[in-house]
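# Coordinate inspection notes
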Amino acid sequence: MDFLNQLVSDVNGVLWGVFFLIPLLCGTGIFYTIKLRFVQVRKFGLAARFLLGGASLFGKRADKSGMSSFQALATAVAAQVGTGNVAGTATALVAGGPGSLFWLWVAAFFGMATIFAEAVLAQTYRTKDEQGRVLGGPAYYITLGMGEKWRPLAVFFSIAIIIALGCIGNMVQSNSIGDAFHNAFGVNRVVVGVVIAVLAAFIFLGGVKRIAAVTEKLVPIMAAVFLLGGVVVLIARIQYVPATFGMIFKYAFQPQAIVGGAFGTALKAAISQGAKRGLFSNEAGMGSTPHAHAQANVKEPHEQGCVAMIGVFIDTFVVLTLNALVVISTLYTSDGILANGYTGAVTEVVNKTNLTQTAFGLVFGEQFGAVFIAITLFFFAFSTILGWNLFGKINVAYLFGEKATKVYTILALIFIFLGTLASNDLVWELSDMFNNLMVIPNALALFALTGMVQAAMKRVNKL
C-alpha cells in the first residue's frame, strides 16, 4: 500500500510539474485570451448582464429540459467552490507564501478565457437522449466536434471523470464534512455519513431538475455566509489589510524572504503553487464545468460562454481570495504566528488542514471558528458533491446508456458514505491523479476546435 501510494504521488508530481499540466492549462488560457482578444475583459460587463437577465431563484426561465442560465452557473459554481477553496488555499500559502495568491490570480485571469471556450463548445455540441434530457460536455464535443475516430479520447476522459469526481472525488468532499463536524460538534462520523448520503440520495433521485433547484438556492446562501464571515474578520483586522496586500505583491517576486530557500526554488514554489491551486479550484480547462453549462437553455452558445466566466471570477477572485486575505491578515502579519514564515516549531502547531480554522479562530474564538468552518465546509463540500455527481452521471450515460446511471447513483452514495470514514492518503492521491488525467483530452479538444469558438466570438463582438 505504501508503494502504491508513493507511486501515485510521484505520478501526480510529474503531471503537476512546471513542465506539464501547469504550462498546458495556463498556455490554453493565454492562447484563448489572445485568440478571443481578451474576452474576459472586453465582455465582462456583457457577462454580468447575461447572468442577471437569467437569474431566478425559482427556475422561472428553465425549460422542460436542461436548466436556466443561472441554474447552470450555480451548478458549475457549486462544483468549483469546494473544499479546495479552503484546504487548497492553505496549501498554496504554506508552500508558496502570500505571493502565491498573486500567481493564483494570474492563472484565473487566463482561465476565464478557457472556460468561455469550454462553455461555448458544450453548448454547440450538446444533444438529448430519448427522454429529452440534455447531455453535453467534453466527451460529446470530442466525438461530435472532432469526429468518431476520436471516440477513444472521449472514452478516456469519461472514465477519468467518473473515477475522479463521481466516485473518489466525492469521498474527499464527504470526508471534509465528516472531519469538520466531528471536530466542531463531536458528532460521530458514521452519523454524518448517513445524513449526507440520505440528503444526497433525495436530490440525486430528483434528476437534473432537483439538482438545479437546490444549487440555485444553496450557492447564493453559501457564498453569503462565507463572505459575511470573511468580511467580519477583515474589518476586525483592518489595520493589517494594507500590509496584507503589500505582502501579496512583494512575496510574489521575492518569495524566499518568507518561505526560505534559494530565490529560484522559492519563486518556482510560489508560481507553481499559485497556478496549480487556482486552476484546480476554478477547474478552467479541466473539463468538469462544461457539463453544467451544456444544460443551460440560452439562445446562442456565446451567452453561456460569457456567463461561465463569472463562475471563475466568483470562485477565485471572490471566495478563494477572501479566504486567503483572512489567512494572511491574521497569520502572516507582524503579530501572526507565520510572520517569519512556515518554519520551525510553528509547523507543529498549524498545518494546511487547520490553517483556515486557526485564522478565523483568532477573531471568532477557537470554538466558534471551528463551528464556522464546519458550516462553511458543509455548504462547499455538499454543493460540490451535487455538481460532481451530475457530471459523472452524464459520462456514465455516454459510455453505457441511461439505465447504467441508476447503478452509478447507488455506487456514488456508497462512496459518499465511506468517505466520511476514510483516512487513507491514497484516496486523495488517486483523486488528484484522475483529475490530472482529465485535463489532457479536454485540452486537446480545446485546441482542435478553436475555429468553432472563434465563430461564436464573432457573434459576441456584434453585441
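Predicted model, so just to flag it, every value in this text is computed and none were measured.

Cut-offs and rules
- Residues numbered from 1 in each chain as written.
- Predicted model: local features only at pLDDT ≥ 70, side-chain atom pairs only at ≥ 80, totals over all residues.
- Heavy atoms only, no water.
- Helix = DSSP H or I, 4+ residues; strand = E, 2+ residues; numbered from the N terminus.
- Rg over C-alpha atoms; globule rule 2.2 N^0.38 Å.
- Buried < 20%, exposed > 50% of the residue type's maximum accessible area, 1.4 Å probe, protein only.
- Areas by Shrake-Rupley, 256 points an atom, 1.4 Å probe, with all protein chains shown as cover.
- Lys, Arg positive; Asp, Glu negative; His and termini not counted.
- Charge placed at Lys NZ, Arg CZ, Asp CG, Glu CD.
- pLDDT = per-residue confidence, 0-100.
- Contact = heavy atoms within 4.5 Å.
- Patch = residues over 30% accessible without salt bridge, like charges linked within 9 Å, V, L, I, M, F, W, Y side chains within 5 Å.
- Salt bridge = Lys/Arg side-chain N within 4 Å of Asp/Glu carboxyl O.
- Arc of directions from axis to C-beta.
- Expected span 1.5 Å × (residues − 1).
- Core = buried A, V, L, I, M, F, W, Y, C linked by side-chain atoms within 4.5 Å.
- Polar contact = N/O pair within 3.5 Å; in protein donor to acceptor, adjacent residues only side chain to side chain.

Helices and strands together make up the secondary structure of the protein, namely 21 helices and two strands. Taken against the 2.2 N^0.38 rule, which gives 23 Å for 463 residues, the C-alpha radius of gyration of the protein at 21 Å falls within 12% of a compact globule. Principal-axis analysis of the C-alpha atoms gives the protein an extent of 60 × 50 × 45 Å. Of all 463 residues assigned to the protein, the portion counted as buried reaches 58%. Here the protein has roughly 17900 Å² of accessible surface; of this, 67% comes from carbon and sulfur atoms. With 30 positive and 20 negative side-chain charges, the protein shows a spacing of 13 Å between the two charge centroids.

Next up on the list: the confidence of the model for the protein. Residues with a pLDDT of 70 or more make up 95% of the protein, whose mean pLDDT is 87. Low pLDDT, under 50, characterises residues 55-62; the predicted model gives this stretch 19 contacts beyond four residues in sequence or across chains.

Below, the discussion takes up a nonpolar patch on the surface. A contiguous nonpolar surface patch, about 760 Å² in accessible area, is contributed by Val190, Val194, Val198, Val407, Ile410, Leu411, Ile414, Leu418 and Leu421. Mapped by element, the contributors of at least two residues to the nonpolar patch are helix H10 (189-204) and helix H19 (404-419). Along the chain, the position of valine 194 falls in helix H10.

We now examine helix H12 (residues 241-253). Restricting attention to buried positions, one finds in H12 the residues Val241, Thr244, Met247, Ile248, Tyr251 and Ala252. What you see down the axis of H12 is that its buried residues fit within an arc of 120°, all on one side.

Another aspect to go through is helix H5 (residues 69-80). In this model H5 runs 16 Å from its N-terminal to its C-terminal C-alpha over 12 residues, within 8% of the 16 Å that 1.5 Å per residue would give. Burial within H5 is extensive, with 12 of its 12 residues counted as buried. Taken together, the buried positions of H5 are Ser69, Phe70, Gln71, Ala72, Leu73, Ala74, Thr75, Ala76, Val77, Ala78, Ala79 and Gln80.

In globular proteins that are soluble, nonpolar side chains generally tend to be buried together. Residues Leu101 and Phe116 are the most contacted members of the largest nonpolar core, which totals 149 residues. The leading source of residues in this core is helix H18 (residues 366-400), at 19 residues. In contact with phenylalanine 116, other than residues within four places in its own chain, are Leu36, Val39, His302, Gly305, Cys306, Met309, Val453, Met457 and Val460.

A few words now on the side chain of glutamine 40. Following the sequence through the fold, glutamine 40 ends up in helix H3 (residues 39-42). Among the polar contacts listed, one links the side chain of glutamine 40 to the side chain of threonine 33, at a separation of 3.1 Å. Only 2.8 Å separates the side chain of glutamine 40 from the backbone oxygen of phenylalanine 109, close enough to count as a polar contact. What glutamine 40 contacts, discounting residues up to four positions off in sequence, is Thr33, Phe109, Phe110, Met112, Ala113 and Met309.

Attention now moves to the environment of valine 396. You can see valine 396 is positioned in helix H18. Placed 235 residues apart in sequence, valine 396 and isoleucine 161 show a C-alpha to C-alpha distance of 9.7 Å. Excluding residues that lie within four positions of it along the chain, valine 396 makes contacts with Ile162, Gly401, Ala404, Thr405 and Tyr408.

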